[in-house]
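# Chain and residue survey
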Amino acid sequence: MGGRTPGTPRDAARALEAVERRLGVLDRRIGLADWAMYTGTADERSVVHWQTVRAEYLREPEHQRLLQRSTTSPGSSRADRRTELLRRAVLDANVEQAPEIVRLRSRLQGRIVRFRPRWKGKRVGRVEVYEALRTSGDRGERERAWRAEGPLQRSLEAPLRELIGLRNDRARAAGFRSFAELRLSFEGVPAPKLRALAQASAKPLAGLVGSLREETQRRTGDSHWAPWDLRFALEARAPLPKEPFPGERMVETVQRGLRSWGIPPARLDLRIVRCDLPFGGLTIAPRIPSDVRILVHPAGGWEYYMVLFHEYGHAVHFRTVDQPTHLLRNPDVGFAGFAEGVAGVFEQVASDPAWLGTVRGLDPRVVAEFCRGRAEAAVLEAASVALGIESELRLYERPDQDPRPAVRALARRWFRYDEYESRSWADSFFVTHPIYYQSYLLSQLFRAQVIDALRRETAGPLWPNRRAGPWLADAFLSAGARYDWTDRLAEVTGRPLSADAFVGTLNPSR
């Protein structure tokens, strides 16, 4: 940029364009490095290098002067928006991308990616352990699966506390009480509102848990009830057989389903690699909208089809963005709930009875029973996410305290669990995606609210509906980072973000 503060609005505009061009190059480098790390062709050092280069660039004094100059100069609403997005990027560079944080986070990230749980005497991929948690009729085996990442989690505790302390220190230097407050300010959902949304989402929980526990006891003859029983109970309630969902047909089947949403085939033509991941799936976008890629586990079964619908949601979102500059094309800081919410709307196709009715080998009665249980399962899963949210918020509010007693008490109250010993409080997500957990709750609320609006505005079903893709593009996807997502949600749906539509999905008349 040079060392001179832009002197006129035109100078400031040119300087902002230069910043965006440079960020486009650096963000592509970071995306490619992430891809190489998660596909196993490189380690975390390249990610660290490019994240460090980007952060150092954004911390240059000229950028702060550019922001100060831009805020005092009249400009278009689009220019003002780009300036706000740059302000967030600079703030993030000074906090989460500070050198000491990047070094520690990336070292731990490499450890997380390389970890393989020990299962039945050998090192295995995470899928094998997760399958046992979902399907094993042996409670002891399910508990061992639930605790399988214990060695990794315990090894993260001390460095994660250090990481949390560094994040808080940097956030306080920027004028916030904690890192959590900073990140949630980008999202537009402060901690009190987030906790209130979690409580509202969990209102139907008591009746659902009681019936689920009773059903499980009748089916298994076992009266014990603990966290490692929940996923098994949900899966056993109305399972879909695995055979109609072979891994080799997954990509083709999901693409065909999304074409019935009126999504252009070119937006579905993506690079997809199947490998073991610390997460269900991952979408990486080295360049929006032209280079978007998906990683998924090498497994079949309905659950993995659902994950691919979700990842295609991210990918189609990025492929649909139609904005003129890099900052406007990249929904980044402050868009976690929105990004996951968009993916959640796509994911809902996998649970739609009309789509499941097209899958060969499924009994229609099984499909009907399965779909009835999905809304209830969503409430239970949202409450499980809320426990993770509460744990992470407490870690940033009181880093010196162990969050487990309070979170376990909340879990026992909500889920009626018997007394049990908690796992380590360290979660890989707290390292790699700090203050991101809430996006999986907010996304549930966003999904329900948007699907209500989609059905109303297109005068059609969720699926098949060739108006759905174009409507989503116009309402949300093409705008990129043009608007803060909570404001846009209220504008499109006619009401602010709430749990009303989500809780309403339990109403059979919907």
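Look up a bit, the structure's there.
For the structure given in this document, a descriptive report is provided here. (Residues numbered from 1 in each chain as written. Predicted model: local features only at pLDDT ≥ 70, side-chain atom pairs only at ≥ 80, totals over all residues. Heavy atoms only, no water.)

## Things to note about the overall build of the chain
Quick note on the threshold: For helices the rule is a DSSP run of H or I covering at least 4 residues; for strands it is a run of E covering at least 2, with both sets numbered from the N terminus onward. Radius of gyration means the value over C-alpha atoms here, while the globule rule gives 2.2 Å times the residue count to the 0.38 power. Note on classification: 1.4 Å probe, protein chains only; a residue is buried when its accessible area is under 20% of the maximum for its type, exposed when over 50%, partly exposed between these limits. Whether two residues are in contact is decided by their heavy atoms: any pair within 4.5 Å suffices. The Shrake-Rupley method, run with a 1.4 Å probe sphere, supplies the accessible areas, and residue values consider only the shown protein chains as cover.
For the chain, the helix and strand inventory stands at 25 helices and five strands. Computed over the C-alpha atoms, the radius of gyration of the chain is 23 Å, within 12% of the 24 Å expected from 2.2 N^0.38 for a compact globule of 510 residues. Structurally, the chain occupies a C-alpha span of about 75 × 55 × 45 Å along its principal axes. Within the chain, the fraction of its 510 residues that count as buried is 58%. Put simply, of all contacts in the chain between residues at least 6 apart along the chain, 75% involve residues at least 24 apart. Split by element, the accessible area of the chain, about 21,400 Å² in all, is 49% carbon and sulfur.

## Considering the packing of helix α11 (residues 205-220) against helix α19 (residues 364-397)
This is how the line gets drawn: Note on geometry: axes are lines fitted to C-alpha atoms, helical ones only across the stretch in contact, with angles between N-to-C directions running from 0 to 180 degrees. Our angle categories are set so that under 35 degrees counts as roughly parallel, over 145 as roughly antiparallel, 65 to 115 as roughly perpendicular, and the remainder as oblique. Think of it as three bins: nonpolar holds Ala, Val, Leu, Ile, Met, Phe, Trp, Tyr, Cys and Pro, charged holds Asp, Glu, Lys and Arg, and polar takes everything else, Gly as well.
At a minimum axis separation of 10 Å, α11 and α19 run at an interaxial angle of 110°. When the axes of α11 and α19 are compared, the pair comes out roughly perpendicular. Between α11 and α19, the residues in contact are Leu205, Leu208, Val209 and Leu212 and Glu376, Val379, Leu380 and Ala383, respectively. Here the residues of the contact of α11 with α19 are counted per class, giving seven nonpolar, no polar and one charged.

## Re the pairing of strand β4 (residues 281-287)
Both faces of the sheet carry side chains from a regular strand, because those side chains alternate between them. Our working rule: A pair of strands is treated as paired once DSSP finds two or more bridges between them.
Counting buried positions along β4 gives five out of seven residues, so the element sits mostly inside the fold. Note: β4 against strand β5 (residues 291-296), five bridges, orientation antiparallel. The partner of Gly281 across the bridge, within β5, is Val296. If you look at the hairpin formed by β4 and β5, you'll find three residues sitting between the two strands.

## Details of the packing of helix α13 (residues 250-259) against helix α15 (residues 302-320)
The cut-off we apply is this: It is the rotation of the near helix from the far one that decides the hand of a crossing: anticlockwise by less than a right angle makes it left-handed, clockwise makes it right-handed.
Remark: α13 packs on α15, axes separated minimally by 10 Å, with the N-to-C direction vectors making an angle of 55°. Classified by the angle between their axes, α13 and α15 sit oblique to one another. In the crossing of α13 with α15, the sense of the turn from one axis to the other is right-handed. When α13 is examined against α15, the residues Met250, Val251, Thr253, Val254, Gln255 and Leu258 are found in contact with a partner set consisting of Tyr304, Tyr305, Leu308, Phe309 and Tyr312. Classifying every residue of the contact of α13 with α15 gives nine nonpolar, two polar and no charged.

## Quick look at helix α4 (residues 77-94)
For clarity, the cut-off: Residue count minus one, scaled by 1.5 Å, sets the expected span of a helix.
A rise of 1.5 Å per residue sets the reference length of α4, with its 18 residues, at 26 Å; its end C-alpha atoms lie 26 Å apart and thus fit the reference within 8%. What α4 keeps buried is the set Arg81, Arg82, Thr83, Leu85, Leu86, Arg88, Ala89, Val90, Leu91, Asp92 and Ala93.

## Looking at unusual backbone geometry
Across the junction of Ile288 and Pro289, the peptide omega takes the value 5°, indicating a cis bond. Relative to the helices and strands, Pro289 is located in the loop between β4 and β5. A cis amide bond, omega -10°, links Trp463 with the succeeding residue Pro464. With respect to the element layout, Pro464 can be found in the loop between α22 (438-458) and α23 (468-477). One non-glycine residue with positive phi stands out, namely Arg416, at about 60°. In this structure, Arg416 sits in the loop between α20 (404-415) and α21 (428-432).

## Re α22
Here α22 spans 29 Å end to end across 21 residues, near enough to the 30 Å set by a 1.5 Å rise per residue. The buried count for α22 comes to 17 of 21 residues, which makes it a mostly enclosed element. Among the residues trailing α22, Ala459 stands out with phi positive, at a value near 50°.

## As for the pattern of salt bridges
Test applied: A carboxyl oxygen of Asp or Glu within 4 Å of a side-chain nitrogen of Lys or Arg is what we treat as a salt bridge.
With the rule as written, the count across this model stands at 44 salt bridges. A salt bridge links Arg404 to Asp402, with the nearest nitrogen and oxygen atoms 2.7 Å apart. Assessed through its relative accessible area of 27%, Arg404 is described here as partly exposed. Exposure remark for Asp402: the relative accessible area of 32% places this residue in the partly exposed category.

## A closer look at the layout of surface pockets
This is how the line gets drawn: Method remark: on a 1 Å grid restricted to protein atoms, a set of points is classed as a cavity if a 1.4 Å probe fits but cannot get out and as a pocket if it is open with protein on both sides within 12 Å along at least five of seven lines; lining residues have an atom within 4 Å of a point. Grid points are joined across faces, edges and corners, and a volume is the space filled by probe spheres set on the points.
In this structure, the second largest pocket spans a volume of roughly 430 Å³. In terms of lining residues, the second largest pocket is bounded by 24 residues, among which Arg134, Glu235, Pro239, Leu240 and Glu303 are the most central. When residues of the lining of the second largest pocket are traced back to their parent elements, those giving at least two are α6 (126-135), α12 (227-237), α15 and α19. If one sorts the elements of the lining of the second largest pocket by residue count, α12 sits on top with six residues.

## Considering the nonpolar core
This is how the line gets drawn: Take the buried residues of types Ala, Val, Leu, Ile, Met, Phe, Trp, Tyr and Cys, join any two whose side-chain atoms come within 4.5 Å, and each joined set is a nonpolar core.
Formed by 170 residues in total, the largest nonpolar core has its most connected members in Trp261, Trp355, Leu356, Phe415 and Phe476. Element by element, the count of residues in this core is highest for α19, at 16 residues. If we skip the residues at most four places from it in the chain, Phe415 touches Leu205, Val209, Trp225, Leu230, Leu380, Ala383, Ser384 and Leu387.

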